[in-house]
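# Residue-level structure breakdown
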Amino acid sequence: MDNNNYTAINWNVLEDQIDKATWEKLTEQFWLDTRIPLSNDLGDWRSLSENDKDVVDKVFGGLTLLDTLQSQDGMSSLKKDIRTQQEEAVLNNIEFMESVHAKSYSSIFSTLNTPKEIDDIFEWTNQNEFLQYKAQKINDIYHNGTPLQKRVASVFLETFLFYSGFYTPLYWLGHNKLPNVAEIIKLILRDESVHGTYIGYKFQLGFNELTDKKQEAMTGWMYDLLYDLYENEEKYTHLLYDKVGWAEDVLTFLRYNANKALMNLGMDPLFPDTAEDVNPVVMNGISTSTSNHDFFSQVGNGYLLGNVETMKDSDYDFKF
Ligand code: MN3
Ligand code: MN3
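Residues numbered from 1 in each chain as written. Chains lettered and ligands numbered in written order. Predicted model: local features only at pLDDT ≥ 70, side-chain atom pairs only at ≥ 80, totals over all residues. Heavy atoms only, no water.

## Focus: the nonpolar core
Ranked by size, the top nonpolar core spans 91 residues in total, and within it Phe-60, Tyr-105, Phe-156 and Phe-166 carry the most contacts. Residue contributions to this core peak at 12 residues, all from helix H9 (residues 179-207). Excluding its chain neighbours within four sequence positions, the residues that come into contact with Phe-60 are Tyr-105, Ile-108, Phe-109, Pro-169, Val-181 and Ile-185. (Core = buried A, V, L, I, M, F, W, Y, C linked by side-chain atoms within 4.5 Å. Buried < 20%, exposed > 50% of the residue type's maximum accessible area, 1.4 Å probe, protein only. Helix = DSSP H or I, 4+ residues; strand = E, 2+ residues; numbered from the N terminus. Contact = heavy atoms within 4.5 Å.)

## A short note on the coordination of the manganese ion (ligand 1)
Each pair of donors in an ideal four-coordinate tetrahedral metal site encloses 109.5 degrees, whereas pairs in an ideal six-coordinate octahedral site enclose 90 or 180 degrees. Coordination sphere of the manganese ion (ligand 1), protein contribution only: Asp-67 (OD), Glu-98 (OE), His-101 (ND1) and Glu-192 (OE), at 1.9 to 2.3 Å. In the primary sequence, the donor residues of the manganese ion (ligand 1) line up as D-x30-E-x2-H-x90-E. A separation of 3.5 Å is found between the manganese ion (ligand 1) and the manganese ion (ligand 2), which are bridged by Glu-98. One end of the pair, Asp-67, is in helix H3 (residues 50-78); the other, Glu-192, is in helix H9, and 125 residues separate them in sequence. Asp-67 gets classed as buried once you look at its relative accessible area, which sits at 0%. (Donors = N, O, S within 2.8 Å, 3.2 Å for Na, K, Ca; no water.)

## Notes on the UniProt feature "active site" (unreviewed entry) in the chain
Here the UniProt feature "active site" (unreviewed entry) sits at Tyr-105. Assignment of secondary structure puts Tyr-105 in helix H4 (residues 85-112). Among the residues examined, Tyr-105 registers a relative accessible area of 0% and is labelled buried. When neighbours within four sequence positions are excluded, Tyr-105 is seen to be in contact with Phe-60, Leu-63, Thr-64, Asp-67, Phe-162, Phe-166, Ile-185 and Ile-188. (UniProt positions renumbered as here; feature names shortened; annotations may be inferred.)

## Remarks on the UniProt feature "binding site: Fe cation 1" (unreviewed entry) in the chain
When the UniProt feature table is mapped onto this chain numbering, "binding site: Fe cation 1" (unreviewed entry) sits at Asp-67 and His-101. Across 35 residues of sequence, these annotated residues stay compact in space, with a maximum C-alpha separation of 6.3 Å. Excluding its chain neighbours within four sequence positions, the residues that come into contact with Asp-67 are Glu-98, His-101, Ala-102, Tyr-105, Phe-162, Ile-188 and Glu-192. Checked against the element boundaries, His-101 lands in helix H4. With relative accessibility at 0%, the residue His-101 sits in the buried group. With sequence-adjacent residues up to four places away left out, His-101 is seen in contact with Trp-31, Asp-67, Ile-188, Asp-191, Glu-192 and His-195.

This is how it looks when you write it as structure tokens:
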């Protein structure tokens, strides 16, 4: 066969079954922010203190930035060194969902905040030095890193860096507040669980092909990067959470998730923290089943995307 021929993607001949399994999982769990009745959370929102509201706003500003990065630069950079054509299709799906994630915070803002407040949140997000540090660090790897480094950056972002933000809506969900906002976060979390596992798996395929010496160098680079990001995350966490007194709990949650990111990459944990160390209210928030709101049927019979089931704990633990 002529190597210059343009090759049609053939889903009936799979080099890697995981591509198809991931495609099916991701398309089954497709969702849109517009189906969640966010305005039902307005009563809860009004009951929060100014400090509590400020934390929610800034946390979602930060998450918007990270999902913007994933949708604009992350997946397109990973697509440059795919191992199979189906991997590119999966990354296309992920890229679109990252745009849904990034947009969903705007839906939350437009429900809870005034236009002036929204402007201030974005202004803060685009100026904050710790947010900019992590976004630029990861983006630099996306543009200048090796194929494996890029996959590490993506997994660290999604399985680790997001969690300083996810803590807040899960905390409120654990206290029976803002359940619809939390529903969006849980749908995002469910996606990220699949993304982190899949991209971590593709990393491991490449990593296993390296010589021992190169594996050692890669591992060293990875742990250095994690430490660097953790130091920045400590500062970000104190800045956001000191005024409500949650910083230490958030840092425990972060270390627990940093270990999960390493696990996705097939690496040993770095921190001693386990699920038992995390604030049980937040763990409870993660495991609370979603209420569904019947959101697929709300928009009429034509909008039927398979059966929506109650989410389980295991939905957040996607493994092959
Ligand atoms: Mn995302
Ligand atoms: Mn993702």
